[in-house]
Amino acid sequence: MSIFTKIINGEIPCYKIAEDTNFIAFLDINPNAKGHTLCVPKKEVNRLLEMDEDLYLRLMKFSRKVGLALEKTIPCNRVGMAVIGLEVPHVHVHLIPINEMRDMTFKHKVSLTEDEFIALAEAIKENL
Ligand code: AMP
């Protein structure tokens, strides 16, 4: 069982932003930039291109909605999107408010306090 399935099942906590029948969005715990969010299908699939087409398209629709809320909440040049999955083999779309290329490198990280994570998730939720 992936760590994201444990989050989906409520076994470990997350800073949740959105949830529907098929997907959940929560803040990345080790963010590249403030607002870095993961959009995850509840069905545990390893690779993006293994998803059936319908679920893939719905994941993009869900991610678009969350991305628009991020753009409203976090001052940034734009929201970058990436799918990697080398660390957690459960499909997730990274949505990252970016200003420069290093924000998409996964080498430059920012640290936030628990209170900052909570406030950020609340602010993004209000813009959904
Ligand atoms: P990757 O699989 O390479 O796309 O990266 C996995 C991402 O999941 C990384 O950005 C991690 O910081 C993030 N991550 C891992 N565990 C958690 C967790 N418990 N809550 C939120 N984000 C996580």
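To be clear, the structure that these remarks concern was listed above.
These numbers come from a predicted model, not from an experiment.

This part takes up the nonpolar core. Core analysis: the largest hydrophobic core is formed by 25 residues, its most contacted members being Ile17, Leu27, Cys39, Leu59 and Val66. Every element with two or more residues in this core is listed here: β1 (16–19), β2 (23–27), α2 (53–73), β5 (93–98) and α3 (114–126). Per-element tally for this core: the top contributor is α2, with six residues. In this structure isoleucine 17 touches Ala25, Phe26, Leu27, Thr37, Val66, Ala121, Ile124, Lys125 and Leu128, once residues within four positions along its chain are discounted.

Within a sheet, neighbouring strands are paired by backbone hydrogen bonds and run either parallel or antiparallel to one another. Pairing is antiparallel across the open sheet formed by five strands, whose spatial order is β1-β2-β3-β5-β4. Bordering the open sheet on either side are β1 and β4 (78–82), each of which pairs with just one other strand. Averaged over neighbouring strand pairs, the angle between their axes works out to 20° when direction is ignored. When β1 meets β2, the two strands line up antiparallel, connected through three bridges. Residue lysine 16 lies in a different strand from β2, and its bridge partner there is phenylalanine 26. Of the strands in this sheet, β1, β2, β3 (37–41), β4 and β5 touch α2, which is tilted by about 155° from β3. In this fold α3 packs onto β1 and β2, with an angle of close to 35° to the strand it touches most, β1.

The topology assignment puts valine 91 in the loop between β4 and β5. If sequence neighbours within four positions are ignored, valine 91 has contacts with Cys39, Val40, Pro41, Val45, Asn46, Arg47, Leu48, Met51 and Leu59.

Thresholds applied
- Residues numbered from 1 in each chain as written.
- Predicted model: local features only at pLDDT ≥ 70, side-chain atom pairs only at ≥ 80, totals over all residues.
- Heavy atoms only, no water.
- Core = buried A, V, L, I, M, F, W, Y, C linked by side-chain atoms within 4.5 Å.
- Buried < 20%, exposed > 50% of the residue type's maximum accessible area, 1.4 Å probe, protein only.
- Helix = DSSP H or I, 4+ residues; strand = E, 2+ residues; numbered from the N terminus.
- Contact = heavy atoms within 4.5 Å.
- Pairing = 2+ DSSP bridges.
- Axes fitted to C-alpha atoms, helices over the stretch in contact; angles between N-to-C directions.

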